[in-house]
Amino acid sequence: MKKLSLIFIALCGLVACHSIPKEYYEVEGRVEGVDDGVVFTLFRINGQAGMGIDHDTLRDGRFFFRVKPDTEGREHMTILCWRDDFPSMALHFWAGAGERVRIKGKDKLIYGWEVKSPAPENRSWYAYNACAGDLYEELQRLSIEENTLRMKAQNEGLDPASAQSLWDSLGRLQMKLIPQIHSRQIEHMKRVEMDEIGLIHLEEMANLCKYDPEGYPHRQAVEELYNALGEEWKSHSTAERIRALLYPVKTVALNEPMVDGELYDLEGNKHTLTELRGQYILLDFWSAGCGPCMMALPEMAEIAKQYEGRLQVVSITTDPDDLWRKSSAEHPMAWHNWSDGKERMGLYAYYDQQGIPSYTLISPEGRVIDRWMGYGSGSLKQKVAEHIQ
């Protein structure tokens, strides 16, 4: 009897050692067919921004993360490997405090790795992937081939014209696969009840409806699925983004009057662009999850100081409020740092250039005189200097 009691105590101790602290969740990965030493990066998805929060190196075919969630409910996470022999696609999963997520992979096609956890979101995500599993595998292989080609072009000096031709060919093959994947997912979406995972896929389709209106074949089906949403789902933030993509506002063009709106700063004070008229205005649409956006901040500070009294720099976030405040505390801005609380559905939509960072230069009279997207060292200074002597 005493021996049994000791065994029971020992087992209890073993369980306690492997229990998850209630304020954390754990991610355990086991991968075959991948060499040790591969580094995986864990991202937290907030709205449309992804923030890298941790790394782990594969050892004995295993990786591990322990995460303290930012929210009370489950959060959307991804795992990505920044290697050319991996696809430029991430594994998605959902987890909340006290939960254990088990990930199992047999190759480098990370997007299709198996995820087991209590979260129903993971089961729904798997179902959407499974209905097009063979196509997703081919898409990942093409992505790896594209990455390998890019590395060869850098290291082996491939003829630029030949390399570009191959890239274009791979790009066309990938773009051909995506509508096929969506076709199967649309049929799946018609058979199941709508959920957050369905909205995520519907938003991906709506993006192509907006940015590839001539080539994307599923606009009618996407509109029908959106219009069939119940009022509860139509008020969801993802559904609001879908509506903005399907029925976009008219973007402001060069030489047209600027579009204004109600903005607020970190203290909650209200502002408009009109209050800055009389000076040039440089609009900077940014996100904390955008690497080039953050790289541009030192140069933005230099411009704000160099053109003080002639130019007003206004950074407008496309992030949710909590992420905007957190990133602003980590990267303070000495110029105007404002939000309209509408992410990419507010002012950004009127100045949309299909990505971030995006910049718009407005004249002292309130007319748009230049627009551009992307950042490279010195590019902001060069652009502003073209207009302000």
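Everything below is about the structure printed above this text.
Since this is a predicted model, take the numbers as computed values, not measurements. (Residues numbered from 1 in each chain as written. Predicted model: local features only at pLDDT ≥ 70, side-chain atom pairs only at ≥ 80, totals over all residues. Heavy atoms only, no water.)

## A short note on the overall build of the protein
Where we set the bar: Comment: elements are numbered from the N terminus, with helices defined as DSSP H or I runs of at least four residues and strands as E runs of at least two. Burial here depends on accessible area, computed with a 1.4 Å probe over protein chains only, as a share of the maximum for the residue type. Under 20% is buried, over 50% is exposed, and the range in between is partly exposed. Note on definitions: a residue-residue contact is assigned when non-hydrogen atoms from the two residues lie within 4.5 Å. All accessible areas in this document rest on Shrake-Rupley with a 1.4 Å probe, and a residue is counted as covered only by the protein chains that are shown.
Across its full length, the protein holds 13 helices and 15 strands. By principal-axis analysis of the C-alpha atoms, the protein measures approximately 90 × 50 × 50 Å. Considering the protein as a whole, with its 389 residues, one finds that 45% of them fall into the buried category. When contacts within the protein are restricted to residue pairs at least 6 apart in sequence, long-range pairs at least 24 apart make up 65% of them. With an accessible surface of roughly 20,100 Å², the protein has 52% of that area assigned to carbon and sulfur atoms.

## Some remarks on the environment of Glu 223
Locating Glu 223 in the fold gives a position in helix H6 (residues 219–227). Take Glu 223: its relative accessible area is 21%, and that puts it in the partly exposed class. In contact with Glu 223, other than residues within four places in its own chain, are Leu 246 and Tyr 247.

## Quick notes on the nonpolar core
Let me state the cut-off plainly: Here, the term nonpolar core denotes a set of buried Ala, Val, Leu, Ile, Met, Phe, Trp, Tyr and Cys residues that are joined through side-chain atoms within 4.5 Å.
Core analysis: the biggest nonpolar cluster contains 42 residues, and Leu 273, Leu 283, Leu 311 and Tyr 351 have the highest contact counts within it. Leaving out residues up to four positions away in the same chain, Leu 273 has contacts with Met 258, Val 259, Asp 260, Leu 263, Ile 281, Leu 283, Val 314, Trp 338, Leu 347 and Tyr 351. Membership of the second largest hydrophobic core comes to 36 residues, among which are Trp 94, Leu 139, Leu 142 and Leu 208.

## Section: helix H5 (residues 196–211)
Formally: To estimate the expected span of a helix, count its residues, drop one, and scale the result by 1.5 Å. N or O atoms within 3.5 Å of each other form a polar contact, as long as, within protein, one can give a hydrogen and the other can take it, and as long as residues adjacent in sequence are counted only when both atoms are side-chain atoms.
An ideal rise of 1.5 Å per residue puts 22 Å on 16 residues; H5 measures up with 23 Å between its terminal C-alpha atoms. Residues Ile 197, Gly 198, Leu 199, His 201, Leu 202, Glu 203, Met 205, Ala 206, Leu 208 and Cys 209 constitute the buried set of H5. With a side-chain oxygen lying 3.2 Å from the backbone nitrogen of Ile 197, the N-terminal cap of H5 falls on Asp 195.

## Structural notes on a positive patch on the surface
Applicable threshold: Like charges are joined within 9 Å and nonpolar side chains (Val, Leu, Ile, Met, Phe, Trp, Tyr) within 5 Å, but only among residues with over 30% relative accessible area and no salt bridge; these make up the patches. Whenever a carboxyl oxygen of Asp or Glu lies within 4 Å of a side-chain nitrogen of Lys or Arg, that contact is scored as a salt bridge. Charged residues are defined narrowly, with Lys and Arg counted positive, Asp and Glu counted negative, and His plus the chain ends left uncounted. Charge coordinates come from a single atom per side chain, which is NZ of Lys, CZ of Arg, CG of Asp or CD of Glu.
Among the surface-exposed residues, Arg 30, Arg 62, Lys 104 and Lys 106 lie close enough to one another that they form a single positively charged patch. If you trace the backbone, Lys 104 turns up in strand E7 (residues 100–105). Residue classification places Lys 104 among the partly exposed residues on the basis of a relative accessible area of 45%.

## A word on the packing of H5 against H6
Definition in use: To define axes, lines are fitted to C-alpha atoms, for helices over the stretch in contact only, and angles between the resulting N-to-C directions are given on a 0 to 180 degree scale. Roughly parallel refers to an angle under 35 degrees, roughly antiparallel to one over 145, roughly perpendicular to one between 65 and 115, and oblique to any angle outside these ranges. Definitions for this section: a left-handed crossing has its near helix turned counterclockwise from the far helix by less than a right angle. A right-handed crossing has that turn clockwise.
At a minimum axis distance of 10 Å, the contact between H5 and H6 shows a crossing angle of 135 degrees. With respect to H6, the element H5 is oriented oblique. In terms of crossing hand, the pair formed by H5 and H6 is left-handed. Contacts between H5 and H6 pair Leu 202, Met 205, Ala 206 and Cys 209 from the former with Arg 219, Val 222, Leu 225 and Tyr 226 from the latter.

## Some thoughts on the environment of Thr 148
Mapped onto the secondary structure, Thr 148 falls in helix H3 (residues 133–155). The class for Thr 148 is partly exposed, based on a relative accessible area of 33%. Each C-alpha atom, one on Thr 148 and one on Asp 260, is 45 Å from the other, the two residues being 112 residues apart in sequence.

## So, the pattern of salt bridges
Under the definition given, this model contains 25 salt bridges. Of the charged contacts, one joins Arg 66 and Glu 26 as a salt bridge, the two residues approaching to 2.4 Å between their closest N and O atoms. With Arg 66 in strand E4 (residues 62–67) and Glu 26 in strand E1 (residues 25–31), this residue pair connects regions lying 40 residues apart in the sequence. Residue Arg 66 is classed as partly exposed on the basis of its relative accessible area, which comes to 41%. Of the residues examined, Glu 26 reaches a relative accessible area of 4% and is grouped as buried. Across the pair Arg 241 and Glu 203 runs a salt bridge, and its minimum N-O distance is 2.8 Å. Residue Arg 241 is located in helix H8 (residues 237–246), and its partner Glu 203 is located in helix H5; the two are separated by 38 residues in the primary sequence. Exposure class is identical for Arg 241 and Glu 203. Each is buried. Look at the salt bridges and you will find they share partners, linking Glu 26, Glu 28, Arg 66, Arg 100 and Arg 102 into a network.

## Here we look at unusual backbone geometry
Between Ile 356 and the following residue, Pro 357, the backbone shows a cis peptide bond with an omega angle of -5 degrees. For Pro 357, the position within the fold is in the loop between helix H12 (347–350) and strand E14 (358–362). Even without being a glycine, Gln 354 presents a positive backbone phi close to 70 degrees. Relative to the helices and strands, Gln 354 resides in the loop between H12 and E14.

## A look at the packing of helix H4 (residues 160–191) against H5
Selection rule: All amino acids are sorted into three groups, where Ala, Val, Leu, Ile, Met, Phe, Trp, Tyr, Cys and Pro are nonpolar, Asp, Glu, Lys and Arg are charged, and the leftover types, Gly among them, are polar.
Contact geometry of H4 with H5 gives a least axis separation of 11 Å together with a crossing angle of 140 degrees. Considering the angle they form, H4 stands oblique to H5. In terms of crossing hand, the pair formed by H4 and H5 is left-handed. Of the residues in H5, those touching H4 at Met 175, Ile 178, His 182, Gln 185, Ile 186 and Met 189 are Gly 198, His 201, Leu 202, Glu 204, Met 205 and Leu 208. Looking at the contact of H4 with H5 residue by residue, the classes come out as 7 nonpolar, 4 polar and 1 charged.

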